[in-house]
Amino acid sequence: MSFKTVVRSFRTLSYVGSYKKIRDRPYKFYCAALIGTGFVAYSQMKRNRAEMKEIIQLKNYMAEPITPLAQLEKNQDDMKTQMELLIMRIQAEFCRALEKEEDEEAKFKVDRWTRNEGGGGITCVLQDGRVFEKAGVNISVVSGKLPPAAVQQMRSRGKKLESAELPFFACGVSAVIHPRNPMVPTIHFNYRYFEVRDKDGVQWWFGGGTDLTPYYLNEDDAVHFHLTLKHACDSHDPTYYPRFKKWCDDYFTIPHRGERRGVGGIFFDDIDSPSKEEAFEFVTSCAEAVVPSYIPLVQKHKDDAYGYHERQWQLLRRGRYVEFNLVYDRGTKFGLHTPEARYESILMSLPLNAKWEYMHEPKENSPEEKLMKVLKEPRDWLKLERATA
């Protein structure tokens, strides 16, 4: 397994445009790179084997877990426990990474909530910061009975569910970051685990994804973002990235506009193979790739110059973001239809400010038009098709 990882990583260096300079280095450099990559892969493999299960880290979380601590400790091998501890950790790591890019006084407001039917969540929101106009990072751990509308939606995706109302468990982490500077892209990610109990037993699956929505196109940023996600996928299955990249391009589409929401990333649902443990490890790798995929872009652009024109374009693009989330996003619809839904947390993804302008068209050959071309025709950022050929 580690040898395959080395080979994939080495090949990646040969075809990504950002590493053209590396290809011009002498043969000794390649040997050193190969040895270094092999060491990293081996160390990662050892670490993964040593940390097969998430560890309860109360002092590091943003708040206490939703499930009582005694229950978590009693059921450490249960996937529900493992997933709850994972999303608690990812939430805390991402929130603290964002706070480091902000002014000292800008901190996340932490709101721990519960629901009568079962479970609850932790909503962390930072508003009106110098770097982030609004940043929300949520986790939810909920249980109860699925309403008929949710059951029907799952059936439409191929789930074989007999009853109209079914006991369920769902937990996940979700984040949307709206930066103040238009040169810093918005990021969204969501990783979740679902269980439904029917007459034939328990059905389970994972879902999620990470995608980037820039206001101004920077091709190096897009390559960095996609390359980071590809590495996370490749460590589990080399077919994952191209498959889930296309899924992302297709899912985050605004049909009535004929455009994508952003430059994509990865997206998947109903992952229930090759095993529950391997699917969990894959989701863990994807969730851990969020910080290295995004924070370098924030650091790179948060102090870039911009003016009134760029700000107005950012507000227009945020309007498109709102349209997708409220009209098409399946997660938003599921949340709104769930009994005792907490609307403040569900609508956390919406920006503080947005704008709609009648029949707006960007000027020809402008940076805004450059972005629109990519949104209408998704690009193969890592040139995988050419590399394969």
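Just above sits the structure.
Below you will find a few notes about this structure. These numbers come from a predicted model, not from an experiment.

Attention now goes to the overall build of the chain. For the chain, the helix and strand inventory stands at 15 helices and nine strands. Within the chain, the fraction of its 389 residues that count as buried is 52%. For the chain, the share of sequence-separated contacts (at least 6 apart) that also reach a separation of at least 24 residues comes to 72%. Accessible surface for the chain amounts to roughly 19200 Å². Of this, 52% is attributable to carbon and sulfur atoms.

Counting across every chain of the model gives 25 salt bridges. Between E117 and R115 there is a salt bridge; the shortest N-O distance is 3.3 Å. Overall, E117 belongs to the partly exposed group, its relative accessible area being 31%. Across the pair K355 and E357 runs a salt bridge whose closest N-O atoms are separated by 3.6 Å.

Read from one edge of the open sheet, seven strands run 1-2-3-4-5-6-9, paired in antiparallel fashion. The sheet is open, and its two edges are formed by strand 1 (109-114) and strand 9 (264-271), each paired on a single side. Neighbour-to-neighbour, the strand axes of this sheet turn through a mean angle of 5°, independent of strand direction. Note that strand 6 (residues 201-213) and strand 9 share six bridges and pair antiparallel. When the sheet's bridge partners are listed, D211 is paired in strand 9 with G265. Where helix 5 (residues 79-100) meets the sheet, its contacts fall on strand 2 (119-127), strand 3 (132-145), strand 4 (167-179), strand 5 (186-198) and strand 6, and the angle it forms with strand 3 comes to roughly 170°. Taken strand by strand, helix 7 (residues 219-234) contacts strand 5, strand 6 and strand 9, and its axis lies near 30° from that of strand 9.

Turning our eyes to something else, we now look at the environment of H188. By the element assignment, H188 lies in strand 5. Overall, H188 belongs to the buried group, its relative accessible area being 13%. For the pair H188 and L212, spaced 24 residues apart in sequence, the C-alpha to C-alpha distance is 6.6 Å. Sequence-distant contacts of H188, defined by excluding residues within four places in its chain, comprise S174, A175, V176, G209, T210, D211, F252, R261 and Y321. At 2.7 Å, the side chain of H188 and the side chain of D211 are in polar contact.

Looking now at the side chain of T253. The residue T253 is located in strand 7 (residues 253-254) in this model. On the basis of relative accessibility, which here comes to 17%, the residue T253 falls in the buried class. Polar contacts involving the side chain of T253 include one to the main-chain carbonyl oxygen of D250, which spans 3.0 Å. Those residues in contact with T253 that sit more than four places away from it in its chain are E259, R260, F324 and Y328.

By size, the foremost hydrophobic cluster in this structure holds 79 residues, and its most contacted members are F94, L98, Y191, F206 and Y294. Here L98 is in contact with F108, F132, A135, V137, I177, Y294 and I295, once residues within four sequence places are set aside. Membership of the second largest hydrophobic core comes to nine residues, among which are V142, L146, W205 and F334.

A word on the packing of helix 5 against helix 10 (residues 290-301). In contact at an axis separation of 11 Å, helix 5 and helix 10 are set at 10° when each is read in the N-to-C sense. Classified by the angle between their axes, helix 5 and helix 10 sit roughly parallel to one another. The element helix 5 and its partner helix 10 pack so that their crossing is right-handed. Contacts from E93, F94, A97 and L98 in helix 5 reach V290, V291, Y294 and I295 in helix 10. Looking at the contact of helix 5 with helix 10, its residues break down into seven nonpolar, no polar and one charged.

Turning our eyes to something else, we now look at the environment of N218. With respect to the helices and strands, the residue N218 is situated in the loop between strand 6 and helix 7. A relative accessible area of 23% places N218 in the partly exposed class. Among all residues touching N218, those that are not within four sequence positions of it are K300 and H301. Looking at N218, its side chain comes within polar contact range of the main-chain nitrogen of D220, at 3.1 Å.

About the thresholds
- Residues numbered from 1 in each chain as written.
- Predicted model: local features only at pLDDT ≥ 70, side-chain atom pairs only at ≥ 80, totals over all residues.
- Heavy atoms only, no water.
- Helix = DSSP H or I, 4+ residues; strand = E, 2+ residues; numbered from the N terminus.
- Buried < 20%, exposed > 50% of the residue type's maximum accessible area, 1.4 Å probe, protein only.
- Contact = heavy atoms within 4.5 Å.
- Areas by Shrake-Rupley, 256 points an atom, 1.4 Å probe, with all protein chains shown as cover.
- Salt bridge = Lys/Arg side-chain N within 4 Å of Asp/Glu carboxyl O.
- Pairing = 2+ DSSP bridges.
- Axes fitted to C-alpha atoms, helices over the stretch in contact; angles between N-to-C directions.
- Polar contact = N/O pair within 3.5 Å; in protein donor to acceptor, adjacent residues only side chain to side chain.
- Core = buried A, V, L, I, M, F, W, Y, C linked by side-chain atoms within 4.5 Å.
- Parallel < 35°, antiparallel > 145°, perpendicular 65-115°, else oblique.
- Left-handed = near helix turned anticlockwise from the far one by under 90°.
- Nonpolar A, V, L, I, M, F, W, Y, C, P; charged D, E, K, R; others polar.

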